[in-house]
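# Results of the structural survey
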Amino acid sequence: MAENPLKQTALNAAHRRLGGKMVSYGGWDMPVTYAGTIDEHMAVRTAAGLFDVSHMGEVEVHGPQALQLVQHLTTNDASKLHIGQAHYSGLLYPNGGFVDDLLVHKLSDEHYLLCINASNTDKDFAWIRQHATGFDAEAVNTSPNYTQLALQGPQALTMLQPLVDVELSTIKYYWFTHGKVAGVPALIARTGYTGEDGFELYFDPNKSERVWNKLLEAGQSYGIQPCGLAARNTLRLEAKMALYGNDIDDTTTPLEADLAWIVKLQKGDFIGRDVLVKQKEAGLTRKLIGFEMLDRGIAREHYPIWIGDAQVSQVSSGSPAPFLKKNIGLAYLPLEHTAVGTRFDVEIRGKRTTAQVVETPFYKRAK
Amino acid sequence: MANYPDNLQYTKDHEWLRVTGATAEVGITDFAQSALGDVVYVELPVVGDSFDQGKAFGSVESVKSVSELFSPISGEVVAINEALADSPELVNTDPYKGGWMIKLTVENAGQIDALLSASEYEDFVATQSE
């Protein structure tokens, strides 16, 4: 059977010129790192980092019943969004498990932009289309229309400001506006996946290299670094943001994933709601927790978790945390073992090592 | 360009061996450290442990992944590189000197002859990458 060739973003050649180490990720040929993951991670925490996240998918929903369709499909309450506002949400199966997690942007009363995970794009789009019947609304996979860049870090606003024709400080967290970046029309959203302040920029792929190069040039004196997928993962883990396929999937519900804040049961019916209502009434049996290794050793995904003589689950995400200089992770634990301070064992290559439930997010930026 | 010193022997698991009389140092190659990325932890055996050729003697962890370390020859561990406990990044910055991992007794010189030379290893690596 012939393998599908990896998809490339419009910046593939730019990544290779910068010495990016390319890997296969969700069907895409993406840079995992350039000069080094730790340096990239620290650049985002202390200065700025630039990520090509064009592999992410975009689906646009428009029509007179666009809101009703978004409400039917997702867990958060999109009726609360103002034009120019975005929120994090869940797309669920009837069993309450995740089809995907996503960002919902309200472009107008009849037009929403959904940003979804790269590897789920085709699945999500088929799911959305299937459930759009009966609504006076249309869903279009507009992924090829966008390059998406994420500029993240405490210097992001300062370095980006001279390149744009809008006042960035007036964009509140999880709001967006339309403007020009280096002369290129773009949607400028104050969102991100690193725990830092920053912006996600959506624009015409034909202008990719121009904008990418201008951003790196403008950020040079601020210590900007191009960042790969490895730093994106360690940053999001420190900020305790879920990764689809690791921390959430079709077997886990948002309540179990400690994402009750994106579940708005009072908004009315949506796919998966019945299961969540029952789960809430009955009480959870397990929950996603953050942990820190007390012994030496790095917990990695799928490593077995033991409480006493019972293997209760496995690590869903685990990694060194370069900024915190600790080894951290996420895992589902039986509810009675989820209190902060609870100790348990992670089996690392046959050896049991001690970990402890800690407060999350592991890292929270100073406001 | 990756660097493979001529005076070392190499394995297809990307370890190198530096033989000095009756003992030999072991580490991982420039290709291996580059593929791993930032090394953050090296798990080593203790002095006195013995390993057969090809057996795992420890592991090296980068931010992104973990790889087992395989003994290029059979022997007893006579020294470990204590510096790696505090400075695991030596594996990245100085893979053939400061980043050495263990020193083994040489029990069977024939095993050394069967390892790859620098040029053979370089050809092998070429088949591993694009």
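Residues numbered from 1 in each chain as written. Chains lettered and ligands numbered in written order. Predicted model: local features only at pLDDT ≥ 70, side-chain atom pairs only at ≥ 80, totals over all residues. Heavy atoms only, no water.

### Regarding the environment of A:Gln279
Residue and element names in this part refer to chain A. Relative to the assigned elements, Gln279 resides in helix α8 (residues 273-282). Put simply, Gln279 and Glu256 are 23 residues apart on the chain and 9.1 Å apart in space, counted from C-alpha to C-alpha. Once residues lying within four places of it in the same chain are set aside, the contact partners of Gln279 are Thr253, Leu255, Glu256 and Leu284. (Helix = DSSP H or I, 4+ residues; strand = E, 2+ residues; numbered from the N terminus. Contact = heavy atoms within 4.5 Å.)

### Points about helix α6 (residues 208-219) of chain A
Residue and element names in this part refer to chain A. With twelve residues, α6 extends 16 Å between its outermost C-alpha atoms, agreeing within 8% with the 16 Å of an ideal straight helix rising 1.5 Å per residue. The set of residues buried in α6 consists of Ser208, Val211, Trp212, Leu215, Leu216 and Gly219. Within α6, the buried residues cover an arc of 130° as seen down the axis, which keeps them to one side. (Expected span 1.5 Å × (residues − 1). Buried < 20%, exposed > 50% of the residue type's maximum accessible area, 1.4 Å probe, protein only. Arc of directions from axis to C-beta.)

### Quick word on the packing of aromatic side chains
A complete count under the given rule lists twelve aromatic pairs over all chains for this structure. For the ring pair A:Phe291 and A:Phe344, a centre distance of 5.5 Å and an interplane angle of 85° mean the geometry is edge-to-face. One end of the pair, A:Phe291, is in strand β14 (residues 286-293); the other, A:Phe344, is in strand β18 (residues 343-348), and 53 residues separate them in sequence. Pair check on accessibility: A:Phe291 and A:Phe344 agree, each one buried. Look at A:Phe323 and A:Tyr363: their rings are 5.3 Å apart centre to centre, the planes differ by 80°, and that puts the pair in the edge-to-face class. Of the two residues, A:Phe323 is situated in the loop between β16 (310-321) and β17 (326-334) and A:Tyr363 in the segment after β19 (351-358); the sequence distance between them amounts to 40 residues. Here A:Tyr363 falls in the buried class, since its relative accessible area comes to 11%. One aromatic cluster in this structure is built from B:Tyr4, B:Tyr10, B:Tyr121 and B:Phe124. Between A:Arg286 and the ring centre of A:Tyr332, over which it is positioned, the NZ or CZ distance is 4.8 Å. Directly above the aromatic system of A:Tyr173 lies the positively charged group of A:Arg365, at a separation of 5.2 Å from the ring centroid. (Phe/Tyr/Trp six-rings, centres within 6.5 Å; stacked < 30°, edge-to-face > 60°. Lys NZ or Arg CZ within 6 Å of the ring centre and 35° of its normal.)

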